[in-house]
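What the coordinates show
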Amino acid sequence: MVIHSQLIKIQGASERMGDTTRQRIKFSDDRVCKSHLLNCCPHDVLSGTRMDLGECLKVHDLALRADYEIASKEQDFFFELDAMDHLQSFIADCDRRTEVAKKRLAETQEEISAEVAAKAERVHELNEEIGKLLAKVEQLGAEGNVEESQKVMDEVEKARAKKREAEEVYRNSMPASSFQQQKLRVCEVCSAYLGLHDNDRRLADHFGGKLHLGFIEIREKLEELKRVVAEKQEKRNQERLKRREEREREEREKLRRSRSHSKNPKRSRSREHRRHRSRSMSRERKRRTRSKSREKRHRHRSRSSSRSRSRSHQRSRHSSRDRSRERSKRRSSKERFRDQDLASRDRDRSPRDRDGKGKKRPCESANGRADDRSSSGELEAGEL
């Protein structure tokens, strides 16, 4: 009891750890089975059959599959490649087992001629056809499609008639002792053994069983994945090739431009020279306009200053002329006054005075000259 309770505790702990792991991871995690996300994992398909593979080593969770189905509508995760690799490895193992079983049967069973082997193979083919038709009849009957199941039963009866004829041909081609031996054959789909003399019920159970149908589902899914992967790879290759062509085109365009620049350096230089020249000309125009405006302002100022100077000079000239005129007028008036004074003095003198005082004339004349000099000095002092 103690050991059993401990095992129960360990199992519960492992389940809780598994639940927490599933909550932490996402469907894009490497630990998640991509074949399970695409609903084609062999561990799920063959569960409960004679070839049950047990639990998958990777995480299987329906919630993760639902998340993937929603996210795959907006983005392509390309999980088909992983699932294809998984199914290819599984089918390769099955095919190897089939080849090994065939070799074992060839070693244990009696050797027969190629003609007899072809007749036996025809019987096996008819058995397989009858088994598939019976499995289809059962499926249609379960779905309630009675009319279609009746049509398929008619095909079954035709296949049974062909089988009876093939068995008669096969029986006549070999001895009775050898014909009574069970001739086995390996199923190419699921590697199971089939008998040449199996009845219809046995054939229907095999071809309608879960094992055989599971292998058919896996093989069909593998072919579908191969087609999808090939289409996506082709699309990706085309996109990659298109991007490469665009990149090469851009590189060629850059190389052509660089070569054109290297071949025509004068043209590029002339372009640069023209650009530089246009820039310098624009700068020169701006400089000229600024200098012209400065010159205009300077000229206006110089004109105004020259006008003011000319006016002041004219005023000074007029004032000097007026002063000189006044001086000349004053001098002429003084000279006229002096001449008049001298003439009046000469008239007032009598002839007797001039004769009686002849000795005194020189003195008087001298005194008169002195007087004239003094009067002229006084006049000049007054003018100054």
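Nothing here was measured: the structure is a model prediction, and the numbers come from that model.

Conventions used here
Residues numbered from 1 in each chain as written. Predicted model: local features only at pLDDT ≥ 70, side-chain atom pairs only at ≥ 80, totals over all residues. Heavy atoms only, no water. Patch = residues over 30% accessible without salt bridge, like charges linked within 9 Å, V, L, I, M, F, W, Y side chains within 5 Å. Areas by Shrake-Rupley, 256 points an atom, 1.4 Å probe, with all protein chains shown as cover. Salt bridge = Lys/Arg side-chain N within 4 Å of Asp/Glu carboxyl O. Lys, Arg positive; Asp, Glu negative; His and termini not counted. Charge placed at Lys NZ, Arg CZ, Asp CG, Glu CD. Helix = DSSP H or I, 4+ residues; strand = E, 2+ residues; numbered from the N terminus. Axes fitted to C-alpha atoms, helices over the stretch in contact; angles between N-to-C directions. Parallel < 35°, antiparallel > 145°, perpendicular 65-115°, else oblique. Left-handed = near helix turned anticlockwise from the far one by under 90°. Contact = heavy atoms within 4.5 Å. Buried < 20%, exposed > 50% of the residue type's maximum accessible area, 1.4 Å probe, protein only. Polar contact = N/O pair within 3.5 Å; in protein donor to acceptor, adjacent residues only side chain to side chain. Arc of directions from axis to C-beta.

On the surface, a cluster of positive charge is contributed by R279, R283, K286, R290, R294, R297 and R301. Examined against the element boundaries, R301 turns out to sit in helix α11 (residues 265-348).

So, on to the packing of helix α6 (residues 114-143) against helix α9 (residues 200-207). For the pair α6 and α9, interaxial distance at closest approach is 8 Å and the crossing angle is 70°. In terms of orientation, α6 and α9 fall into the roughly perpendicular class. α6 and α9 meet at a crossing whose hand is right-handed. Between α6 and α9, the contacting residues are N127, E128, I130, G131, K132, L134, A135 and E138 on the first element and D200, R201, L203, A204 and F207 on the second.

Further remarks concern the environment of C190. Tracing the chain through its elements places C190 in the loop between β1 (184-186) and β2 (193-195). Owing to a relative accessible area of 1%, C190 belongs among the buried residues under this scheme. Note: C-alpha distance between C190 and C94 (96 residues apart in sequence) is 7.3 Å.

Right, let's get into the side chain of D198. Of note, D198 is situated in the loop between β2 and α9. At 4.3 Å, R202 is the nearest oppositely charged side chain to D198, a buried residue that forms no salt bridge. A polar atom in the side chain of D198 sits 2.6 Å from the backbone nitrogen of G195.

Okay, helix α4 (residues 62-71) next. In an α-helix, one turn spans 3.6 residues, which is why side chains three or four residues apart end up on the same side. Within the sequence span of α4, burial applies to L64, R65, Y68 and A71. Projection of α4 onto a plane perpendicular to its axis shows the buried side chains occupying an angular sector of 130°, all on one side. Exposed residues on α4 whose side chains face more than 90 degrees from its buried face are L62 and I70. Those residues of α4 hidden inside the fold are in contact with α2 (34-37), α3 (42-45) and α5 (80-108). Measuring from the side-chain oxygen of the N-cap residue of α4 to the backbone nitrogen of A63 gives 3.2 Å; that N-cap residue is D61.

Below, the discussion takes up the pattern of salt bridges. A complete count under the given rule lists 18 salt bridges for this structure. Its salt-bridge partner being E125, residue R122 comes within 3.8 Å of it at the nearest N-O pair. Of this pair, R122 and E125 both sit in helix α6, three residues apart, which is roughly one turn of that helix. For R122, a relative accessible area of 41% puts it in the partly exposed group. The class of E125 is partly exposed, set by a relative accessible area of 39%. In this structure, the salt-bridge partner of E157 is R160, at a minimum N-O distance of 3.0 Å. Separated by three residues within a single helix, E157 and R160 lie in helix α7 (residues 146-172), roughly one turn from each other. Among the ionic contacts, a cluster of salt bridges with common partners joins E121, E128, K132 and R185.

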